[in-house]
Amino acid sequence: MFKKILIANRGEIACRIIRACRELGIQTVAIHSEVDRESMHVKLADQTICVGHSSASDSYLNIPSIIAAAEISGADAIHPGYGFLAENTYFAEVCEACGIKFIGPSKESIEQMGDKISAIELMKKSGIPTVPGSDGPVRDDDPRIFAIAKKIGYPVIIKATAGGGGKGMRVVVSSETLQNAIIMAQIEAKAAFGNSDVYMEKYIEEPRHIEFQILGDKYGKIVYLPERDCSIQRRHQKLIEESPSPLINEALRKKIGKAAKNVASIINYVTVGTVEFLVDKKGHFYFMEMNTRIQVEHPVTEMVTGIDLVKEQIKLAAGERLYVASEKVKILCHAIECRVNAEDPDKDFIPSPGKIGRLYLPGGLGIRVDTHVYSGYVIPPYYDSLIAKIIAFAPSRGEAIMKMQRALREVEIEGIKNTSSLHSKIMSNEVFRKGYVTTDFLSKHIFER
Ligand code: MV4
């Protein structure tokens, strides 16, 4: 096992990782930017090193500085958390070259999933269900686009090859608007990514975003855990995640779970990761992408399964054997996570950094709060706006919703704006309460005009 781990991250996830290390008896090194001197992760760690100025590129993305910090402190491993360098193949490579264990999969695995188009291609070739599509770029001046779209079947969606995060996507319902949509998508893609390539896919109507947590050891054993439903998103940012999905039954769970396990096997995946699928109304599922990191929403799976995913991730990176078996994993409860952001829901969610005055965060039976904020803490404007994750867990979905509502009522965060009122609104929405969550839920039922 590792003796000392450097955490190349900040915020709630850095705190989460330090806690896991402490329970495993591993020393911790926190790195931080100049503005983060008073941050919670710095207070929690055994050792701290300032790695640069406040902007992320000078600090949490500063590879030479982070590697130097690991060498000076004698850390034998680096945990990248999520975001920042978590899916950076070059960083994983540099760690390896310096004899420091990168706590994550191999650089080859990161690379194979890093390019979303070639990841889909590889999975399709390997027999994993993918959305029917053009299998390559399409151009507006190519007369074959009409035949391709007809074969796929309308509606189709045009996506940017270099895209991600839903930028530049366009839905086309009939051949009349196809060519124009491709032209517009190409222009948008060029402006946003400097690359005008676009491709075509069958548009899945009212899909759900269903993802499976997987774990893998270096001996080739892979298990999948019960799914998370992450359909409630705003501008392709997840807001609420829950497990199990109210719209997945045992048979479908097994079917998609096995596919997720196969996806991980294909790339010899080690440690923890997540395979994302789009699922349509009929229960057809399609591979979307794989995240080769621990994710923001991992706590819902921890509450549902009783497995500490961060500790498992560290143990698997250290070469330990996986003792979990998919068939033995039980769904212990229903869990829901609300991401509370320092944003103003009344002003189009503009970030709301600043000093936190009075702070009261909820607790009690069935509530877990993962956060790094405290009364007097100043939220810097440089990084993402997540300030707390409230996780409610109870024997049933209805009870978990009740708990979340009561927890949200207890939240008091003075000095800055936050999104807890939006969560309260969603928790009391009838469509949500019935479990009817698809990716257009927010625009249809919450932000309707
Ligand atoms: C889709 C889709 C429907 N059909 N692809 C959005 C982000 C990008 N990663 C994929 N996205 C979608 N791709 C096909 N063929 C609907 C979405 C989508 C979506 C997906 C997951 C979660 C939220 C979403 C919100 C809008 C659209």
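Residues numbered from 1 in each chain as written. Predicted model: local features only at pLDDT ≥ 70, side-chain atom pairs only at ≥ 80, totals over all residues. Heavy atoms only, no water.

### Digging into the packing of aromatic side chains
Each aromatic ring pair is summarised here by two numbers: the centre-to-centre distance and the angle between the ring planes.
In step 1: The tally for this structure, following the rule as stated, stands at 11 aromatic pairs.
In step 2: With a centroid separation of 5.5 Å and an interplanar angle of 85°, the aromatic rings of tyrosine 60 and tyrosine 383 are classed as edge-to-face. Taken together, the positions of tyrosine 60 in the loop between β3 (47-52) and α3 (63-73) and tyrosine 383 in the loop between β22 (378-379) and β23 (386-394) put the pair 323 residues apart, joining distant regions of the chain.
In step 3: When its relative accessible area of 12% is taken as the criterion, tyrosine 383 is described as buried. (Phe/Tyr/Trp six-rings, centres within 6.5 Å; stacked < 30°, edge-to-face > 60°. Helix = DSSP H or I, 4+ residues; strand = E, 2+ residues; numbered from the N terminus. Buried < 20%, exposed > 50% of the residue type's maximum accessible area, 1.4 Å probe, protein only.)

### Observations concerning the pattern of salt bridges
In step 1: Overall, the coordinates contain 35 salt bridges when judged by the stated rule.
In step 2: Here aspartate 348 and arginine 234 are joined by a salt bridge, their closest N and O atoms 3.4 Å apart. On the criterion of sequence distance, the pair formed by aspartate 348 in the loop between β17 (343-344) and β18 (350-351) and arginine 234 in strand β12 (residues 228-234) is long-range, its members being 114 residues apart.
In step 3: Judged by its relative accessible area of 49%, aspartate 348 is partly exposed.
In step 4: Measuring nitrogen to oxygen at the nearest pair gives 2.4 Å for the salt bridge that ties glutamate 412 to arginine 358. In this pair, glutamate 412 sits in strand β24 (residues 412-413) while arginine 358 sits in the loop between β19 (354-355) and β20 (359-360), placing the two residues 54 residues apart along the sequence. (Salt bridge = Lys/Arg side-chain N within 4 Å of Asp/Glu carboxyl O.)

### Observations concerning the site of the ligand
In step 1: Close contacts around the ligand come from 14 residues, with Lys159, Glu201, Lys202, Ile204 and Thr439 the closest.
In step 2: For the ligand, a nitrogen atom lies 3.0 Å from a polar atom in the side chain of lysine 159.
In step 3: In the model, a nitrogen atom of the ligand is placed 2.9 Å from a nitrogen or oxygen of the glutamate 201 side chain.
In step 4: For the shell around the ligand, the secondary structure elements donating two or more residues are β7 (156-160) and β9 (198-202).
In step 5: Taken together, the residues of the shell around the ligand break down into six nonpolar, five polar and three charged.
In step 6: Residue-level mapping places the shell around the ligand at the junction of two domains, with at least three residues from each of domain 2 (132-202) and domain 3 (208-446). (Near = heavy atom within 4 Å. Polar contact = N/O pair within 3.5 Å; in protein donor to acceptor, adjacent residues only side chain to side chain. Nonpolar A, V, L, I, M, F, W, Y, C, P; charged D, E, K, R; others polar. Domains from an automatic or database assignment.)

### With respect to α3
In step 1: Here α3 has its buried residues at Ile63, Ile66, Ile67, Ala69, Ala70 and Ser73. Seen along its axis, α3 keeps its buried residues to an arc of 155°; they face one direction. For α3, the exposed residues lying more than 90 degrees away from the buried face are Pro64 and Ile72.
In step 2: In this structure, the buried residues of α3 make contact with β1 (4-7), β2 (27-33), β3, β4 (77-79) and α4 (89-97).
In step 3: Capping of α3 at its N-terminal end is provided by asparagine 62; its side-chain oxygen lies 3.2 Å from the backbone amide nitrogen of serine 65.
In step 4: Immediately downstream of α3, the backbone of glycine 74 shows phi near 75°, a positive value. (Arc of directions from axis to C-beta. Contact = heavy atoms within 4.5 Å.)

### Concerning the packing of helix α12 (residues 397-410) against helix α13 (residues 420-427)
When two helices pack together, their arrangement is given by the angle between their axes and by how far apart the axes lie.
In step 1: The contact between α12 and α13 brings their axes to 10 Å, and the two run at 150°. When the interaxial angle is binned, α12 and α13 end up roughly antiparallel. Note on packing geometry: the crossing formed by α12 with α13 is left-handed. Two secondary-structure elements touch here, α12 through Ile401, Met404, Gln405 and Leu408 and α13 through Ser420, His423, Ser424 and Met427.
In step 2: Grouping the amino acids of the contact of α12 with α13 by side-chain chemistry returns four nonpolar, four polar and no charged. (Axes fitted to C-alpha atoms, helices over the stretch in contact; angles between N-to-C directions. Parallel < 35°, antiparallel > 145°, perpendicular 65-115°, else oblique. Left-handed = near helix turned anticlockwise from the far one by under 90°.)

### Description of the domain arrangement of the protein chain
In step 1: For the protein chain, the assigned domains read domain 1 (4-103), domain 2 (132-202) and domain 3 (208-446).
In step 2: One C-alpha centre belongs to domain 1, the other to domain 2; they are set 40 Å apart.

### With respect to the packing of α4 against helix α5 (residues 107-114)
In step 1: α5 packs onto α4 with a crossing angle of 175° between their chain directions and a minimal axis gap of 9 Å. With respect to α5, the element α4 is oriented roughly antiparallel. Here α4 contributes Thr89, Ala92, Glu93 and Glu96 to the contact with α5, which in turn contributes Lys107, Ile110 and Glu111.
In step 2: Residue composition of the contact of α4 with α5, by class: two nonpolar, one polar and four charged.

### So, the state of the cysteines
In step 1: Under the counting rule described, the total for this entry stands at zero disulfides.
In step 2: Of all cysteine sulfurs in the structure, the one in cysteine 98 sits closest to cysteine 95, which takes part in no disulfide; the separation is 7.2 Å.
In step 3: Summary of cysteine pairing: cysteine 338 is not part of a disulfide, and the nearest cysteine sulfur, belonging to cysteine 230, is at 12 Å. (Disulfide = S-S within 2.5 Å.)

### Focus: unusual backbone geometry
In step 1: Following tyrosine 154, the chain continues into proline 155 via a peptide bond in cis, with omega recorded as -5°.
In step 2: Relative to the assigned elements, proline 155 resides in the loop between α7 (145-152) and β7.
In step 3: Here the residue pair serine 243 and proline 244 is connected by a cis peptide bond, since its omega of -10° sits within 30 degrees of zero.
In step 4: Tracing the backbone shows proline 244 in the loop between β13 (237-243) and α9 (250-266).

### Quick word on the sheet that holds strand β5 (residues 101-102)
In step 1: Pairing within the open sheet is parallel, and its five strands lie in the order β3-β2-β1-β4-β5. Edge strands, defined here as strands with exactly one partner in the open sheet, are β3 and β5.
In step 2: When β4 meets β5, the two strands line up parallel, connected through two bridges. Counterpart to isoleucine 78 in the pairing with β5 is phenylalanine 102.
In step 3: This element, helix α1 (residues 11-24), spans β1, β2 and β4 of the sheet and lies at about 175° to β1. (Pairing = 2+ DSSP bridges.)

### What to know about the nonpolar core
In step 1: One finds Ile232, Ile426 and Met427 to be the most contacted residues of the largest nonpolar core, which totals 34 residues.
In step 2: Among the secondary structure elements, those contributing two or more residues to this core are β13, β16 (334-341), β23, α12, α13 and α15 (441-446).
In step 3: Not counting chain neighbours up to four residues away, the residues in contact with methionine 427 comprise Ile240, Ile336, Cys338, Ile401, Met404, Gln405, Leu408, Phe432 and Arg433.
In step 4: Membership of the second largest hydrophobic core comes to 31 residues, among which are Phe2, Ala14, Cys21 and Leu309. (Core = buried A, V, L, I, M, F, W, Y, C linked by side-chain atoms within 4.5 Å.)

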